[in-house]
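Structure at a glance
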Amino acid sequence: PPSSSDFARNRSCAMLHGTIGIQHAAMSIYQAYHDRTPVLLLCGRDEGFIAAHTADDMAAMVRSFTKWDAQPKTLADSLTAIQRAYAEAMAPPQAPTLVLLDIELQKEEAHDLTVPAYKPPQISGVDATRAREIAKGLVDAQNPRIAVGRLRTPQGIKLAVELAELVGASTSTTAANGPMSFPQRHPLTGPGANTTYDYTLGLEAPGAQVSLTGPGLATLLSRDTSKIGFGGIVPRAAAGGRGNAGVSNIQADAEASLQGIIEEVKRQLTADKRRVIQDRAAKHAAANQSARLDALMKAVETKRLGWDASPISTARVYSELWPLIMNE
């Protein structure tokens, strides 16, 4: 795919050696699956080499924690399978995919065979009507809140920041628990000046007044053919409709929805609303800064306990070492 594409970012490819390669990689594959990390796995298969290193269906060993697998029978099918595996890995819910390649196919001459034209995965956001409704809720709110879970790419984070700044919303983040969430040190990150929120939008964060959450790993439950029941593939609450009273869960990729919501917000903003938003954002920033400093001072006081103790406290190890290595 072109390097400018969002799908060219945050990807990994790994080559595995037969059954032992899959077995050695199994924990890493499971962690990638649980962390929703897109990984394209290519594994060699050779029935004529060492019998213990092959199997009829090697993918079965990790099928319950991979999203898709294939064992193509021709060279042309191999190219198609690899390309589909990449697309499946990159499309929500992102996860590892696996293609088994027999040694005969690896050695076969390609001649005039060409790689099929690449078609990036189609990732759906909210429709124009929903985007307009969400924008109106944010613009009309007196104290909007945006809860940000994990987005797919850095571009999603940039769009989330743009939206929060446009509407002057305080935000929450899951950045401490993983990548691709709202920046922790952004002035709008925190409880804000007022914790009574009259409109809350969730971006890959369920439980808000309106939540945009793409398909979850529950859609992969059918791949657990051995009924292992790994955590993360148990069906979650149904999305797409209304759950609790006043709470709307919309099954649409949050990142793919953001640009449309931002455009609608810009259309609905007036000069008066912009002044109100600017004032609200300044109050949120001041309150969040104060809250961060208070939390920091409390942490410092807590770490003072045992500062001179033996064995030395880990807090003191960090404090003494950091100035020495910070530029290394």
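The residue numbering used here restarts from 1 in each chain and proceeds along that chain's sequence as written. This being a predicted model, a pLDDT of at least 70 is required before a residue's local features are given, and a value of 80 or more before pairs of side-chain atoms are given or counted; all residues contribute to the totals for chains, interfaces and linings. No hydrogens and no water enter the side-chain calculation; it runs on all heavy atoms of the structure.

Quick notes on the overall build of the protein chain
Here a strand is any run of E in DSSP of at least two residues, a helix any run of H or I of at least four, and the numbering for each starts at the N terminus. Counting its regular elements, the protein chain contains eight helices and nine strands. Principal-axis analysis of the C-alpha atoms gives the protein chain an extent of 70 × 65 × 40 Å. Accessible area is worked out with a 1.4 Å probe on protein chains only. A residue is then buried under 20% of its type maximum, exposed over 50%, and partly exposed in between. Each of the 328 residues in the protein chain was classed as buried or not, and the buried ones make up 42%. If you take every contact in the protein chain between residues at least 6 apart in sequence, the share linking residues at least 24 apart comes to 74%. On the protein chain, roughly 18,000 Å² of surface is accessible, and the fraction owed to carbon and sulfur atoms is 55%. Should any heavy atoms of two residues lie within 4.5 Å, those residues are considered in contact. The method behind every accessible area is Shrake-Rupley, applied with a 1.4 Å probe, and residues are considered shielded solely by the protein chains displayed.

Quick look at the sheet that holds strand β1 (residues 12–17)
A pair of strands is treated as paired once DSSP finds two or more bridges between them. Strand order in the open sheet made by the four strands is β1-β2-β4-β3, with parallel pairing throughout. Whereas interior strands pair on both sides, the edge strands pair on one side only; in this sheet they are β1 and β3 (68–70). Geometrically, the sheet is characterised by an average inter-axis angle of 15° between neighbouring strands, direction not taken into account. Here β3 pairs with strand β4 (residues 97–102) via three bridges, running parallel. Bridge pairing in β4 links Asp 69 to Leu 98. Interaxial angle, 0 to 180 degrees, is taken between N-to-C directions of lines fitted to C-alpha atoms, where a helix line uses only the stretch in contact. Across the face of the sheet, helix α1 (residues 18–34) comes into contact with β1, β2 (39–45) and β4 while running at roughly 150° to β1.

Re the layout of surface pockets
A cavity here means a set of 1 Å grid points, computed over protein atoms only, where a 1.4 Å probe fits but cannot escape. A pocket is an open set with protein on both sides within 12 Å along at least 5 of 7 lines, and lining residues have an atom within 4 Å of a point. Grid points are joined across faces, edges and corners, and a volume is the space filled by probe spheres set on the points. Approximately 270 Å³ is the volume found for the second largest pocket. Lining the second largest pocket are 15 residues, and of these Leu 16, Cys 43, Gly 44, Arg 45 and Gln 106 lie nearest its centre. For the lining of the second largest pocket, the secondary structure elements donating two or more residues are β1, β2 and α3 (103–107). It is β2 that contributes the most residues to the lining of the second largest pocket, four residues altogether. The residue inventory of the lining of the second largest pocket, partitioned by class, reads seven nonpolar, six polar and two charged. Residue polarity follows a fixed list, in which Ala, Val, Leu, Ile, Met, Phe, Trp, Tyr, Cys and Pro are nonpolar, Asp, Glu, Lys and Arg are charged, and the others, Gly among them, are polar.

Some details on the sheet that holds strand β8 (residues 210–212)
Strand order across the open sheet formed by five strands is β6-β5-β7-β8-β9, with parallel pairing between neighbours. Each having just a single partner strand, β6 (170–172) and β9 (248–250) make up the two edges of the open sheet. Strand-to-strand, the axes of this sheet are offset by a mean angle of 15°, without reference to chain direction. Across three bridges, the pairing between β8 and β9 is parallel. The partner of Leu 212 across the bridge, within β9, is Ile 250. On top of the sheet, helix α5 (residues 154–167) reaches β5 (144–148), β6 and β7 (199–203); it is set at about 170° to β5, its chief contact.

Focus: a nonpolar patch on the surface
Patch building starts from residues that exceed 30% relative accessible area and form no salt bridge, then joins like charges within 9 Å and nonpolar side chains (Val, Leu, Ile, Met, Phe, Trp, Tyr) within 5 Å. We define a salt bridge as a side-chain nitrogen of Lys or Arg found within 4 Å of a carboxyl oxygen belonging to Asp or Glu. Nonpolar side chains collect at one region of the surface, where Leu 321, Trp 322, Leu 324, Ile 325 and Met 326 lie side by side and expose about 550 Å² of accessible area between them. With respect to the helices and strands, the residue Trp 322 is situated in helix α8 (residues 314–325).

Comments concerning unusual backbone geometry
Leaving glycine out, the prevailing phi sign among residues is negative, and the prevailing peptide bond configuration is trans. In this chain, Pro 92 is followed by Pro 93 through a cis amide linkage whose omega measures -5°. In this fold, Pro 93 is placed in the loop between α2 (75–90) and β4. In this structure, Met 180 is a non-glycine residue whose phi angle is positive, near 65°. Its identity as a non-glycine residue notwithstanding, Lys 227 has a phi of 60°, on the positive side. Here Lys 227 is to be found in the loop between β8 and β9. Residue Lys 227 is classed as exposed on the basis of its relative accessible area of 72%.

Structural notes on α2
Here α2 spans 23 Å end to end across 16 residues, near enough to the 22 Å set by a 1.5 Å rise per residue. In this fold, the buried residues of α2 make contact with β2, β3, β4 and α3. In this analysis, the expected span of each helix is defined as 1.5 Å times one less than the number of residues it contains.

Some points on the pairing of β1
Of the strand pairs in this sheet, β1 and β2 are connected by six bridges, and their pairing is parallel. Note on β2: the bridge partner recorded for His 17 is Gly 44. With strands facing away from the observer, any crossover in which the path from the first strand over the helix to the second runs clockwise is taken as right-handed. Handedness of the β1-α1-β2 crossover: right-handed.

Focus: the confidence of the model for the protein chain
The predictor reports its confidence for every residue as pLDDT, a score running from 0 up to 100. Per-residue confidence for the protein chain gives a mean pLDDT of 89; residues scoring 70 or more make up 92%. pLDDT under 50 marks residues 1–9. Its contacts with residues more than four places away, or in other chains, come to 20 contacts. The low-confidence segment residues 238–243 (pLDDT under 50) makes nine contacts with residues lying over four places distant or belonging to another chain.

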